[in-house]
Amino acid sequence: MIAGLTRWGALSASAFLEANAGLQYVFGDVSGSLRTRLGYTQRQIDGLGTAKARAHRPRRWEASRAGSPGLLRLLRLLSQRASGSVQDCGTAVVDVLAGFLFDAMGAPTTLSFVAVRACACVRACVRACCAVERLR
Amino acid sequence: MRVRACVRACVLRRGAASLTRPQALNASGFLAILAVYSGRLRCGYAPMVLFTALGFGGNGAMLLPGLVTSLGNFPEVRGMVTGLLKSVFFLCASLYTELDLAVEQDAPHFLILLALLPAAAALACIPFLKPLGCRRAGSAAAAAQEGLATRRTFFAASALTIGLALYMAITVLLQTEAPSTFLPFVPLAFTLMLLLLALYAALPAVYAALGGRAAAPQDTQALLAGERGGVYGSVPGAEQRATEDAEDEEHYVGDAANITLLQCLGRADYWCIYSMYVINLAVGLTLSNNLEAVATSKGAGLVAGYVAISSVATCLGTLLGAHASEAALDAHIALQRPWCVAPAFGLVALGCVMVAGGGRGLLYAAVFVTMLGYGANLSILPAVLHERYGQRHFGSIWAFSQTAMVLASSLFATALAARIYEAHAQLDPATGLQTCVGGGCFRTTFLVLALLAALGGAIGGALATLLTAFYAQLAAARSKAEPGGYFAALTGGKGPRRCDDL
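The rules behind each value
Residues numbered from 1 in each chain as written. Chains lettered and ligands numbered in written order. Predicted model: local features only at pLDDT ≥ 70, side-chain atom pairs only at ≥ 80, totals over all residues. Helix = DSSP H or I, 4+ residues; strand = E, 2+ residues; numbered from the N terminus. Buried ≥ 20, exposed ≤ 12 C-beta atoms within 10 Å, placed from the backbone. Contact = placed C-beta atoms within 7 Å. Core = buried A, V, L, I, M, F, W, Y, C linked by C-beta atoms within 7 Å. Axes fitted to C-alpha atoms, helices over the stretch in contact; angles between N-to-C directions. Parallel < 35°, antiparallel > 145°, perpendicular 65-115°, else oblique. Left-handed = near helix turned anticlockwise from the far one by under 90°. Nonpolar A, V, L, I, M, F, W, Y, C, P; charged D, E, K, R; others polar. Expected span 1.5 Å × (residues − 1). pLDDT = per-residue confidence, 0-100.

Undergrad: Account for the overall build of chain B, naming residues and giving values.
TA: Counting its secondary structure elements, chain B contains 23 helices and two strands. Among the 502 residues that make up chain B, the fraction classed as buried is 55%. In chain B, the share of contacts with a sequence separation of at least 24, taken over all contacts with a separation of at least 6, comes to 80%.

This is the structure in structure tokens:
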């Protein structure tokens, strides 16, 4: 099945994925039950609604085609500089700073997301150090 | 051997971990909500906020991989890709509402399904979700045939989505408005829904039947060997980056291929798009977050019908916005894609006025109209972002734009709507809860949102004026590559666009 994979197969898979990714709009189906059972006020229910929207924001490196966090970009820039392959250092530095800015904005989401983020940064750090070693 | 290659390419790679990790959060979040709901876990409000964020947020992270991968695979029809995938995304609520009815609206069972089904779907889709790029046809005639088949397959997929949406609207409405007659048929309706959903798997066959090219074996070999990287794949090397540069130059006009997030933040056109996004989300999230309270304040019994109508309307609006904006782009008239947000905001404003002033009888129509415009904007704005700023940094730009969701939800759904609701609420002796009944509960909120939507339409006009030169350039490039464009595929005219000619 994989052998016949085309961009249309990927599109079909994407459609299936999207058909299961919109649960935030199901909130209306469960909010009434939560309100009655747990005795929440409307403001608390809306607070839960905002929490789901806040966490819905995808992390930057998940969205990126290269799939790298700000820290990984910084270390990659340093490794590129060490190997002399960097072309536009100014733009790259600005991009790295933008990555960190975005990471900082996403920090107050939830503790678990921060923990996941920290683990990703450590992994990225190790990976980038290995890359620098290889370049040397 | 093939199985091993598949495992290496699709499961052990970072992509699998990146897609399944949010699903683990999704499952744990909903299971924790279930534990609190059933009394097995006693906790305050703050942990519930965390569980909600984990449950719904983990699920929402599934949106982006499919969208970004498909936009990269089909850059020549990006408006239709956005419209199709986002319409299916919005249909999710009505599909799960049918599921809710199938378990007789039993909250614990429904929460278990919310925890497990998306995770299962993500695991099933991971092996297929790969960026394959826009492959080049050999001769001009083959490219023409491929372009025509591509557009027609998208029309077929859109028709399937519309059919599924209408089916969902009718069945859920019958089940909620005449439950004694139609609830016994829920299993049958549910089975039919699954069968309709399964038809998306036939898209490759539809494409082949319409004369499209079969997959080139070497493409698959390269994919399995992991040479192409991917959304979650390995970091591309310098050679691949150079290839991407060349492709970007072909697919985008002006400086669109190289704009980074930070450059975006210094541009007036980006902030126009961002503010329209905030306004649109303010309306959509306020309505969807408060749908249960809006419906009960107007005397409605079952809220499931309103959730389904809201979902179906957003789905249809998304498709409408996508096709209308694609047609406008190929019509070679002054109405370019950003102008299409003005009528969409008009629908949103009209819907808000209907919600504010109408009673229960008008509520279905009000929700439908509001969410139709909301959905249209949600398919037009990402397409404008993508063609203006390109594929390279689209992920970071899109992710930053999602902060609009937090802003809109905090300011309007929580701060404005909930405060006004509670100002009108009175203690219900039967339940012991502060409940609001009557038109005043949400009137001011939705009148404010109607005014904001009108402002959004005006910003859309300003954006179109700012981007006049850019769209003239883009329209010229599209016209050169494909005379007739969108309409050629509809009428069978000659000269559909080649993906490598843009």
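Right, picking up where we left off after that structure.
Undergrad: Describe the overall build of chain A, and please don't skip the residues or the numbers.
TA: Within chain A, the regular secondary structure consists of seven helices and zero strands. Residues classed as buried in chain A amount to 54% of the 136 residues present.

Undergrad: Requested: an account of the nonpolar core, with residues and values cited.
TA: Core analysis: the largest hydrophobic core is formed by 171 residues, its most contacted members being Leu91, Cys92, Met168, Ile273, Ala282, Val367 and Ala453 of chain B. Here this core gets 17 residues from one element, more than from any other, and that element is helix α18 (residues 360-389) of chain B. Leaving out residues up to four positions away in the same chain, Cys92 of chain B has contacts with Ala19, Asn20, Ala21, Gly22, Leu23 and Tyr25 of chain A.

Undergrad: Provide a residue-level description of the environment of Gln473 of chain B, including the pertinent values.
TA: Its location among the elements puts Gln473 of chain B in helix α22 (residues 468-481). As for Gln473 of chain B and Ser275 of chain B, which are separated by 198 residues in sequence, their C-alpha atoms are 25 Å apart.

Undergrad: Could you give an account of the packing of α18 of chain B against helix α19 (residues 394-401) of chain B, naming the residues involved and the relevant values?
TA: All names here are of chain B. Where α18 meets α19, the closest approach of the two axes is 10 Å, and the angle between their N-to-C directions is 140 degrees. Accordingly, the angle class assigned to the pair α18 and α19 is oblique. Here α18 and α19 pass one another in a crossing that is right-handed. Where α18 approaches α19, its residues Pro382, Leu385, His386 and Tyr389 are matched on the opposing element by Phe394, Ile397, Trp398 and Ser401. When its residues are assigned to classes, the contact of α18 with α19 shows six nonpolar, two polar and no charged.

Undergrad: An account of helix α21 (residues 443-466) of chain B is requested, with residue identities and associated values reported.
TA: The end-to-end C-alpha distance of α21 of chain B, which contains 24 residues, comes to 35 Å, matching closely the 34 Å that a straight helix rising 1.5 Å per residue would cover. Those residues of α21 of chain B not exposed but buried are Thr445, Phe446, Leu449, Ala450, Leu452, Ala453, Gly456, Gly457, Ile459, Gly460, Leu463 and Ala464 of chain B.

Undergrad: Go over the confidence of the model for chain B, please, and point to the residues and values.
TA: Residues and elements named next belong to chain B. Taken over all residues, the pLDDT of chain B has a mean of 77, while the share at 70 or more is 78%. Confidence scores differ between elements of chain B, with helix α11 (residues 217-224) showing the lowest mean pLDDT of 42 and helix α17 (residues 341-357) the highest of 93. Predicted confidence for residues 6-17 stays below pLDDT 50, and this span has 22 contacts to residues more than four positions away or in other chains. Within the model, the stretch residues 245-251 combines pLDDT values under 50 with nine contacts to residues more than four positions away or in other chains. Across the whole predicted complex the pTM is 0.73, and at the interface the ipTM reaches 0.74.

Undergrad: Can you explain the confidence of the model for chain A? Please cite residues and give values.
TA: If pLDDT is low for a region, its predicted coordinates should not be looked at in detail. All names here are of chain A. Scored by pLDDT, chain A comes out at a mean of 65, with 42% of its residues at no less than 70. Between residues 55-69, whose pLDDT stays under 50, and residues either more than four places distant or in other chains, the model counts 60 contacts. Per-residue pLDDT stays below 50 along residues 102-113; that stretch engages in 18 contacts with residues further than four places along the chain or on separate chains.

Undergrad: Report on the environment of Leu25 of chain B, specifying residues and quantitative values.
TA: Residues and elements named next belong to chain B. The topology assignment puts Leu25 in helix α2 (residues 14-37). Judged by C-beta crowding, with 24 C-beta atoms within 10 Å, Leu25 ranks as buried. For the pair Leu25 and Leu265, spaced 240 residues apart in sequence, the C-alpha to C-alpha distance is 31 Å.

Undergrad: How would you sum up helix α4 (residues 63-73) of chain B? Please name residues and give values.
TA: For α4 of chain B, the buried fraction is high: 11 of the 11 residues fall into the buried class. Taken together, the buried positions of α4 of chain B are Leu63, Leu64, Pro65, Gly66, Leu67, Val68, Thr69, Ser70, Leu71, Gly72 and Asn73 of chain B.

Undergrad: Mind laying out the packing of helix α5 (residues 78-102) of chain B against α18 of chain B, listing which residues take part and the relevant values?
TA: All names here are of chain B. Where α5 meets α18, the closest approach of the two axes is 9 Å, and the angle between their N-to-C directions is 140 degrees. Classified by the interaxial angle, the pair formed by α5 and α18 is oblique. Of the two elements, α5 crosses α18, and the hand of that crossing is right-handed. Residues Arg78, Gly79, Thr82, Gly83, Lys86 and Phe90 of α5 pack against Gly375, Leu378, Ser379, Pro382, Ala383, His386 and Glu387 of α18. Of the residues belonging to the contact of α5 with α18, the class tally is four nonpolar, six polar and three charged.

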